[in-house]
Amino acid sequence: MARGNIEGEFDAAGRFIRLRGLTLDITERKRAEERQDLLIAELDHRVKNVLARVAVVAMYTRRGSNSMDEFIRTLDGRIQSMAAAHSLLSQSRWQGVELSGLVRHQLAPYATDANITIDGPHVMLSAAATQAVATVIHELVTNAAKYGALSTSEGRVSVSWDRKSGRDAPARLTIVWREVGGPPIVAPIHLGFGTNLIRDLIPHELGGTVELAFPPEGANCKFEFPL
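Residues numbered from 1 in each chain as written. Predicted model: local features only at pLDDT ≥ 70, side-chain atom pairs only at ≥ 80, totals over all residues. Heavy atoms only, no water.

Chemist: Can you break down the sheet that holds strand 6 (residues 156-164) residue by residue, with the values?
Modeler: Sheet architecture is open: five strands sit in the order 4-6-7-9-8, paired in mixed fashion. Each of the sheet's edge strands pairs with one partner strand only, and the pair in question is strand 4 (116-119) and strand 8 (209-213). Taking each pair of neighbouring strands and ignoring which way they run, the sheet shows an average axis angle of 5°. As paired elements, strand 8 and strand 9 (residues 220-226) share five bridges and run antiparallel to each other. Directly across from Ala 213, in strand 9, lies its bridge partner Asn 220. Relative to the sheet, helix 3 (residues 99-107) contacts strand 4, strand 6 and strand 7 (172-180), its axis offset from that of strand 6 by approximately 160°. (Pairing = 2+ DSSP bridges. Helix = DSSP H or I, 4+ residues; strand = E, 2+ residues; numbered from the N terminus. Axes fitted to C-alpha atoms, helices over the stretch in contact; angles between N-to-C directions. Contact = heavy atoms within 4.5 Å.)

Right under this line is the structure:
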């Protein structure tokens, strides 16, 4: 695309001789403006999604809290988990996050060489999958730290995953969380917002499935979704 001020030059008889003036090619400028418009629209979309999720999390956290101190503490943990996932995505320019790094990041406050086992192939998660998996892992970590394997020095947590490729279907990722060595689990189990979030988020946002169980030896969770 070109733009400029151009004048025709004519002789005394009125015959055209040449064009005089300056032409400026603004093609790249227009493309840059279009890219900027797309980035602003994408940023606006992401901010709205984040604010909507924070609002929902805040509402349900308040319903499940017995005191204002508990509400603030729980809500802060959930927002920090969302912020950590957002930070990892920003570092990759929202191209995706490697699963093992995400899991280690969520487990970091409680992890030692002795109480955590992480195992699985290299898998890159999309932005949507990163945020959903980070939220679920955070809730599992929080429950384990309060009531399960991460609440005692003898407890152990393992997180493993496997990617299966289908011939006529998208590849699917299976993630398994297992706890052993914590306090024995005694029924009935109170199903709070965190537990419901674990069960509902993956199916709702990623079209996957979740199996969450609380056998006496420790909680275990298996969730699967298409990549």
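Chemist: Describe the nonpolar core, naming the residues involved and giving the relevant values.
Modeler: In terms of nonpolar packing, the biggest core is built from 41 residues, with Trp 177, Phe 223 and Phe 225 touching the most fellow members. For this core, the secondary-structure elements that each account for two or more residues are helix 2 (68-91), helix 3, strand 4, helix 4 (127-146), strand 6, strand 7, helix 5 (193-206) and strand 9. Considering each element in turn, this core owes the most residues, ten residues, to helix 4. If near-sequence neighbours (up to four positions away) are discounted, Phe 225 is found in contact with Leu 125, Ala 129, Val 133, Ala 171, Arg 172, Leu 173, Ile 175, Ile 202, Leu 206 and Gly 208. (Core = buried A, V, L, I, M, F, W, Y, C linked by side-chain atoms within 4.5 Å. Buried < 20%, exposed > 50% of the residue type's maximum accessible area, 1.4 Å probe, protein only.)

Chemist: Please provide a residue-by-residue account of the confidence of the model for the chain, values included.
Modeler: Residues at a pLDDT of 70 or more form 88% of the chain, whose mean pLDDT is 82. No element of the chain has a lower mean pLDDT than strand 1 (residues 2-10), which averages 64, and none a higher one than strand 7, which averages 95. (pLDDT = per-residue confidence, 0-100.)

Chemist: Lay out helix 3 in plain terms, naming residues and giving numbers.
Modeler: In an α-helix, one turn spans 3.6 residues; hence positions three or four apart end up facing the same way. Of all the positions in helix 3, only Leu 99, Ser 100, Leu 102, Val 103, Gln 106 and Leu 107 are classed as buried. Angularly, the buried residues of helix 3 cover 160° about the axis, an arc narrow enough to put them on a single face. (Arc of directions from axis to C-beta.)

Chemist: Outline the pattern of salt bridges, listing residues and values.
Modeler: Opposite charge on two side chains lets them pair, provided their charged atoms get close. Applying the stated rule across the entire model yields three salt bridges. As a salt-bridge pair, Glu 33 and Lys 30 come within 3.4 Å of each other at their nearest N and O atoms. Taken together, the residues Glu 33 and Lys 30, both in helix 1 (residues 27-63) and three residues apart, mark about one turn of the helix. Overall, the relative accessible area of 34% leaves Glu 33 in the partly exposed class. The shortest N-O distance in the salt bridge between Glu 224 and Arg 172 comes to 2.7 Å. Of this pair, Glu 224 sits in strand 9 while Arg 172 sits in strand 7, and the two are 52 residues apart along the sequence. For Glu 224, a relative accessible area of 23% translates into the label partly exposed. In this structure Arg 172 comes out as partly exposed when scored by relative accessible area, which is 29%. (Salt bridge = Lys/Arg side-chain N within 4 Å of Asp/Glu carboxyl O.)

Chemist: Give me the environment of Thr 61: which residues, what numbers.
Modeler: By the secondary structure assignment, Thr 61 is in helix 1. C-alpha of Thr 61 to C-alpha of Gly 194: the two residues are 133 residues apart in sequence and 8.4 Å apart in space. In this structure, Thr 61 is in contact with Phe 71, Thr 74, Leu 75, Arg 78 and Phe 193, ignoring residues within four places of it in sequence.

Chemist: Give a description of the pairing of strand 6 that names residues and reports values.
Modeler: Both faces of the sheet carry side chains from a regular strand, because those side chains alternate between them. Inspection of the sheet shows strand 4 paired to strand 6 by four bridges, in the parallel sense. In the sheet register, Ile 116 faces strand 6, and the bridge partner there is Val 157. Pairing of strand 6 with strand 7 involves nine bridges; the strand directions are antiparallel. Bridge assignment links Val 157 to a residue of strand 7, and that residue is Glu 179.

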